[in-house]
Number of protein chains: 4
Amino acid sequence: MENNILKGKKGIIFGALDNSSIAWKTAESVYNEGGEFVLTNAPVSIRMGSINELAEKTKSDVVPADATSLEDLENLINVATEKFGKLDFILHSIGMSVNVRKGREYTDLNYDWLTKGWDVSAVSFHKLMQSLFKLDAMNQWGSIVALTYIAAQRAFPNYNDMADNKAYLESIARSFGYFFGKDKKVRVNTISQSPTLTTAGKGVAGLDGFLNYADKMSPLGNATAKECADYTVSLFSDYTRKVTLQNLFHDGGFSNVGVSQEVIDAISSKS
Amino acid sequence: MENNILKGKKGIIFGALDNSSIAWKTAESVYNEGGEFVLTNAPVSIRMGSINELAEKTKSDVVPADATSLEDLENLINVATEKFGKLDFILHSIGMSVNVRKGREYTDLNYDWLTKGWDVSAVSFHKLMQSLFKLDAMNQWGSIVALTYIAAQRAFPNYNDMADNKAYLESIARSFGYFFGKDKKVRVNTISQSPTLTTAGKGVAGLDGFLNYADKMSPLGNATAKECADYTVSLFSDYTRKVTLQNLFHDGGFSNVGVSQEVIDAISSKS
Amino acid sequence: MENNILKGKKGIIFGALDNSSIAWKTAESVYNEGGEFVLTNAPVSIRMGSINELAEKTKSDVVPADATSLEDLENLINVATEKFGKLDFILHSIGMSVNVRKGREYTDLNYDWLTKGWDVSAVSFHKLMQSLFKLDAMNQWGSIVALTYIAAQRAFPNYNDMADNKAYLESIARSFGYFFGKDKKVRVNTISQSPTLTTAGKGVAGLDGFLNYADKMSPLGNATAKECADYTVSLFSDYTRKVTLQNLFHDGGFSNVGVSQEVIDAISSKS
Amino acid sequence: MENNILKGKKGIIFGALDNSSIAWKTAESVYNEGGEFVLTNAPVSIRMGSINELAEKTKSDVVPADATSLEDLENLINVATEKFGKLDFILHSIGMSVNVRKGREYTDLNYDWLTKGWDVSAVSFHKLMQSLFKLDAMNQWGSIVALTYIAAQRAFPNYNDMADNKAYLESIARSFGYFFGKDKKVRVNTISQSPTLTTAGKGVAGLDGFLNYADKMSPLGNATAKECADYTVSLFSDYTRKVTLQNLFHDGGFSNVGVSQEVIDAISSKS
C-alpha cells in the first residue's frame, strides 16, 4: 500500500537481517508510506545478513548497535536525532535464545545462556526505551512497537526460554508505556505475530509442524511478515494514537480459537 | 475425601440429573465433607433423571424449580432457609441450548430458541442471585459457584450459542459479585471445567473427537466430574474466602497451553 | 486525516444519532478517507437525531432499520448491496438498556427490560452477521467492527446490565468471527472504547465522576469519539487484514493500568 | 482451620522471614493441617529474621539456601527428600528488587541491579523447578506454588522492575508447568495476592496509599497474609488436583473490578 500515511514521520528500525525478516518488510512498508528511518542491527547480524541492500532500497543509513549496550543505543539515538530531529516511531524486532540455538531443553537450561538471551531479547527493550526517555528523543504522539509471540501467555513446548523472555518484554511495554504515556504522550505496544518463517525462526525445533497447526487453527490463516509490516505501519500512523500498553494479536485469529474443525478432524482420523 | 471441611455449611445444589452430572458428584462430595443441602432441578429433569436416589443417599430434600421462574426460585430459597437458616453455598450447574439440541448451526440460529437457551443457561444465574440478595438469604462469607466453559473466551465451532451464554453467565458473576461482595461479604465465582461427558453434554456434536483433543492438550489430562466436585468443595470451604469475581479454570492446564507435542505430532503425521 | 485509505470500500454504518455519536464521527472519517456507505438507525433514533444532516455531508443514503428485526436487516443489506455490490465494512454501534434508562439497579432488574436491552445491544450483532452471511453480502477481506466497553471484563457498579450485554456481544464477535473467517475471509473485531460522553452515554448515572477517574487512570487520557473513528478506519483498511476475533482496547491505556499516581494521590489526600 | 487436609504431605517452604511473612503464615497453616516441611531462606534472611522460632513452633528443620545457587538448591532438596522421601508441595515466596531498595525509578534503572533482582525473584523459580525435576523429587499429584502480584498484568507506577520479574515468574509457571504436568503429574500455579504489608513490602514507596486504594477497590477488601496461607493450603491439598498452569487471583476481587463506588466518590469529592 502507498497512501503516504507516514509522511513526515521519522524513526529507527531494529532487527532487519535479510528479506525474510519482519523488520525488513516493515522497513519497506514504512518507506512506501513516506516514512524515513535509520536501520540498525548487531554488528554480527549486519555481517551475516544483507541489510545494506535494504538501506539502499529505502534510502536509509545503517548504524550498527548492540542492543544490550547502553553506549551503542545512545550513539544510535544521537545519530538518528541529529539527522531527523525527534523521532516518531521505533520498531524493536530482536530475539535470540542461546538455549534454543544449542538445543538445550527447557527442563535442562544453562543459566548463563538464559541470561544472555534475556538480555538480548527482553532487557534490550527497556534499555532502548530508557535511552530514548532520558535523551527526550521521541515526539509527542510517537509510537514504539516490539514484536512478541503468544508463548508469553500459553505454553508451547518448543519455544523454550523465549516464552519467558517475551513475557518479560510485554511487561516492559506496559510498565514503561505508563511513564512514556504520562510524561511524553508516546504510546508503547507489542504485536503478537503468527509464527513466521524468518531466518531466525528456522532454528526452532518442529517449526514446520507447528506452522501447519497454527495455520489450521487460525480462521484467516497465519499472518505473513508482509502483513505484519502493514499492521505495524498502522500502529505508527496517526490512526491509532490512543492505543497504548496493549499486546495486540496479529495472528489470523489464532489467539481466540479454542479448536478448529480441521484440527479436530486431524486428531480424530489419526486415532 | 472426608475431612469435614464443610461441616455446618448449608446450601442449594442445582442441576443434578443423573450420576454422570457434575452437580451429582458435587452433592456427594459436599455430603461427604459434612455439608447439608437442598437439591433442585427443573420438573422435567427430575422426571427424566434419578435425583431422588441422590437425595436418599445424601439425606437431602428435593425441591423442584424452574430456574427461569422468579416464583419458583423464591419458593426454593424459602424452603431452604426455613430448613437451614441462611445459606453458605450455592451451585449453579444449568445449561441448555435449543439450537444445539435441534442441530441448528451457529450461522443459522433460531432466535426464539436462542432466547430460551440464554434464559435457562445464563439469566437464571442472575435471577437466582437477585432472589438470594433480596431475600437476604446468604450468610457472610458464603460462596456462590456457577459452572462454565472456555468457549466463553475462545471460539469452538460446535459449542454454538452456548459459548455466548457462558460469556454472559461469567459476566453476571463479576457484575453481581461486586454487589454481593460489598453488601453481603459473599463471594461469586465460576469454574471453567474441562469438557465432561455428562448426559447433557452428549448432545454436542463431535464431542468425542473434541474430548480426545482436549485431553491431549492438557498437561494433566481432562478433569473429571468427580475432580470438579472436589474443586467446588474447596471453593465452598473457608480456605478460599477472598477469592471472588474470578473465572477459575479447572481443566488440567488446557487453558494455558498453546499446543502440546502430542497435537503437533498428530497433525504432522496426518499431513 | 485524508489519505484515501478506504478508497473503493463500501459499507454500512449503524448508530449515528447526532454529532456526539461515535458512529457519526466514524461516518465522517470514513467519508474523508474515500469510503462510501449507507447510514442506518432505528426509526425512532432517526426522528430524535439529526442523521439526515450527516447523510448530506457524506453523500450517503439513510435506510431505517430496527436492528432486532431480521426483515429490516435483510432489507437494509439488500438496499446496500444493490447500490454498492458486496460490502467491505460494517460498524455496529448500538446499545441500550431499559433498566439503566429507568434507573433500576443491577440487584433489582426487571427481566423483560433486560431481555429487550440484550436483544437491541447484543443479539442485534448476531442477527446482522447472520443476515450478511446468509446473503453472502461481504467481500473477502471485509471488516466487521462492533463497539464495546471494558465492563465486559470488569465490574463497574453503574454500568448495570450493559456489562453483560457487552460480554455477550464480544463473545458473538469471536464465535461468528470463526465462521466468517474460515468461510468468507472476513474479519470480526470489537473495539473497547474509553467512556465517551455521547447523547446515549449521558443516561449513565455518575458518568462525570467516572470519566474523570478513567482519564486520570489512562496514561494518554481518555480516547475521544473522533479518535475512535480514526481507529475504526484503520480496522476497515487493508493495513489490518489478519486481525480478527480480537477485542481491541482503544482507551489511552486504561485497561492495562492497575493504578495511576494521580488516583493514589486523590485517594490519599481524601482520607 | 484444622481439618488435617494435608496429612501425610511433605514439602519445602521458601521465604519465611518473620511473622508478617506470607510464607510464615503458610508454614503455620500447613502445620495445623497436618503437613510436614523443611523451612528455607537465604542465610542473610535467616540472620535478620526469626525463622528458628517458626521452626520450633512447627517442628521443622531450617536449611539455609541461596535460591539463586543450584548447589544450594540441590543440597536443600536432598536434605528434604532424605528426611521425607519424595515431596508433595513447594512454596516459592521470594522477591527482591535492588532498584526498589535503592530508590531508583523505573525510567532510570541500574541494569546490574535489575539482573540481580530478576535472578533472585524470578529465575530462582526456574532453578528450583529444574532441580526438583532433575532429582525427580516430586510425588505424583504434587503441587508447586509461587506468589506473585497483579503488576505482572497491569502497570503500577511504584512496583518498578518487580512487575517485569513477576511476569517472568508467571511465565515460568506456565512453561515449566507443561513439562511437570506431562512428565510427572505435578501441578504448578501462581497466586496473585492482594498487596500485603510484610516486612519486605514495607520498602515499596507509597504502599500505604496503595493498600488503601486496593482495599476500597476490592469487594471483599484486601486479602490478608493468613487468608493467603489458607488459600495456599487448598492448592496443596487433593481438592485441586487438576488446577495447573494458572495464575490465581486471591485479592478480594480487585483484579476484576473496573472501579468501585468508593473510589469514584473519593475522586469526585476531591476535584
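Values in this document were obtained by computation on a predicted structure and should not be read as measured data.

Caption draft 1: A look at the interface of chain D and chain C. On the chain C side, the residues contacting the 28 residues of chain D number 28 residues. For the pairing of chain D and chain C, the buried interface totals around 2,200 Å² over both sides, and the portion due to carbon and sulfur atoms is 62%. Along the contact surface separating chain D from chain C lie zero salt bridges. For the pair chain D and chain C, the number of links is 10 residue pairs in polar contact (both at pLDDT 80 or more). Looking at the side of chain D that touches chain C, the element that brings in the most residues is helix α10 (residues 261–270) of chain D, giving eight residues. Tallied by class, the residues present in the side of chain D that touches chain C amount to 13 nonpolar, 12 polar and three charged.

Caption draft 2: Inspection of the packing of aromatic side chains at higher detail. Per the counting criterion, the structure on display carries 64 aromatic pairs over all chains. A ring pair is formed by Y149(A) and F156(A), whose centres lie 5.3 Å apart and whose planes are at 50°; its orientation type is tilted. F156(A) shares its class with Y149(A); the two are buried. Ring geometry for F176(D) and F180(D): centres 5.5 Å apart, planes at 35°, overall tilted. In this pair, F176(D) and F180(D) both sit in helix α7 (residues 161–184), four residues apart, roughly one turn of the helix. A single burial state applies to F176(D) and to F180(D), both of which are buried. Members of the aromatic cluster, connected to one another through ring pairs, are Y106(A), F133(D), F176(D), Y178(D), F179(D) and F180(D). Above the plane of the ring of F133(C) lies K184(C), whose end atom (NZ or CZ) is 4.8 Å from the centre. Sitting over the face of the ring of Y111(A), K127(D) holds its NZ or CZ atom 5.3 Å from the ring centroid.

Caption draft 3: Region of interest: the relation of the copies chain D and chain B. When chain D is brought onto chain B, the operation consists of a screw motion whose angular component is 180° and whose axial shift is 0.0 Å, with 0.0 Å RMSD remaining. Such values leave the two copies arranged in the relation of a two-fold axis. Relative to the rotation axis, the closest C-alpha in chain D is found at N3(D), a distance of 2.9 Å.

Caption draft 4: Structural view of helix α1 (residues 22–32) of chain D. Buried residues dominate α1(D), accounting for eight of its 11 residues. Every buried residue belonging to α1(D) is among I22(D), A23(D), W24(D), T26(D), A27(D), E28(D), S29(D) and V30(D), and all of these are buried.

Cut-offs used in this document
- Residues numbered from 1 in each chain as written.
- Chains lettered and ligands numbered in written order.
- Predicted model: local features only at pLDDT ≥ 70, side-chain atom pairs only at ≥ 80, totals over all residues.
- Heavy atoms only, no water.
- Contact = heavy atoms within 4.5 Å.
- Buried area = accessible area lost by both parts, 1.4 Å probe.
- Salt bridge = Lys/Arg side-chain N within 4 Å of Asp/Glu carboxyl O.
- Polar contact = N/O pair within 3.5 Å; in protein donor to acceptor, adjacent residues only side chain to side chain.
- Helix = DSSP H or I, 4+ residues; strand = E, 2+ residues; numbered from the N terminus.
- Nonpolar A, V, L, I, M, F, W, Y, C, P; charged D, E, K, R; others polar.
- Phe/Tyr/Trp six-rings, centres within 6.5 Å; stacked < 30°, edge-to-face > 60°.
- Buried < 20%, exposed > 50% of the residue type's maximum accessible area, 1.4 Å probe, protein only.
- Lys NZ or Arg CZ within 6 Å of the ring centre and 35° of its normal.
- Least-squares fit on C-alpha atoms with pLDDT ≥ 70 in both.

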